[in-house]
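Working through the structure, step by step
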Amino acid sequence: MSFPFDPFPSSPFFSCEESSFRIVDKARFSQVVTGKEDPWLTLSVSDSNVMHSRPVRVTSHEDFDIEIECEEGSLKLDIGSESARKIDSDGREWVYRGGLEEANQGMGWMPVS
């Protein structure tokens, strides 16, 4: 996956959906809604993808760091380094085995020791 519009949107809109999490540039919102353009980023929900469970809400966003409350724990996206970490419902921390460009490819998670 490559990001369709670089750099990261200066005014991002975050969409938490049953099967995905999307980041849309507010300046391009109407083009995305009408299907003329894709969101800046779409993360599909799957156990072994970056979006490991249904996203509930964005709990914080600062520059390139986004924290998302998920149905089963939380997710931290670092857009700048194209990496992801999750904390599961038992409090254990994990890192995604791939980069964000591989977010929907089911690369899986590795525990942080």
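Here is a short report on the structure shown in this document. Just so it is clear, the structure is predicted and the values come from calculations on it, not from any experiment.

Things to note about the environment of V58
- Turning to its location among the elements, V58 is positioned in strand β4 (residues 55-62).
- In sequence terms V58 and N104 are 46 residues apart; their C-alpha atoms lie 19 Å from each other.
- Apart from residues no more than four positions distant in its own chain, V58 is found in contact with F14, C16, F21, I66, E67 and I68.

What to know about the side chain of S15
- With respect to the element layout, S15 can be found in strand β1 (residues 12-16).
- Note on S15: relative accessible area 16%, which makes it buried.
- For S15, the side chain forms a polar contact with the side chain of E17, separated by 2.8 Å.
- Excluding its chain neighbours within four sequence positions, the residues that come into contact with S15 are S20, F21 and R22.

Here we look at the sheet that holds strand β7 (residues 83-87)
- The antiparallel open sheet is built from 6 strands, whose spatial order is β4-β5-β6-β7-β8-β9. The open sheet is flanked by β4 and β9 (109-111), the only strands paired with a single partner. Each strand of the sheet is rotated relative to its neighbour by a mean of 25°, with strand direction disregarded.
- Summarising the sheet, strand β8 (residues 93-96) and β9 pair through 3 bridges and their orientation is antiparallel. From the neighbouring strand, Y96 faces β9, where its bridge partner is W109.

Observations concerning the nonpolar core
- Ranked by size, the top nonpolar core spans 20 residues in total, and within it L43, V50, I68, L75, L77, I79 and A84 carry the most contacts.
- If you tally residues by element for this core, the top one is strand β5 (residues 65-70), at 3 residues.
- Beyond its immediate chain neighbours, meaning those up to four positions away, V50 contacts L43, L75, L77, A84, Y96, L100, A103 and W109.

What counts, and where the lines are drawn
- Residues numbered from 1 in each chain as written.
- Predicted model: local features only at pLDDT ≥ 70, side-chain atom pairs only at ≥ 80, totals over all residues.
- Heavy atoms only, no water.
- Helix = DSSP H or I, 4+ residues; strand = E, 2+ residues; numbered from the N terminus.
- Contact = heavy atoms within 4.5 Å.
- Buried < 20%, exposed > 50% of the residue type's maximum accessible area, 1.4 Å probe, protein only.
- Polar contact = N/O pair within 3.5 Å; in protein donor to acceptor, adjacent residues only side chain to side chain.
- Pairing = 2+ DSSP bridges.
- Axes fitted to C-alpha atoms, helices over the stretch in contact; angles between N-to-C directions.
- Core = buried A, V, L, I, M, F, W, Y, C linked by side-chain atoms within 4.5 Å.

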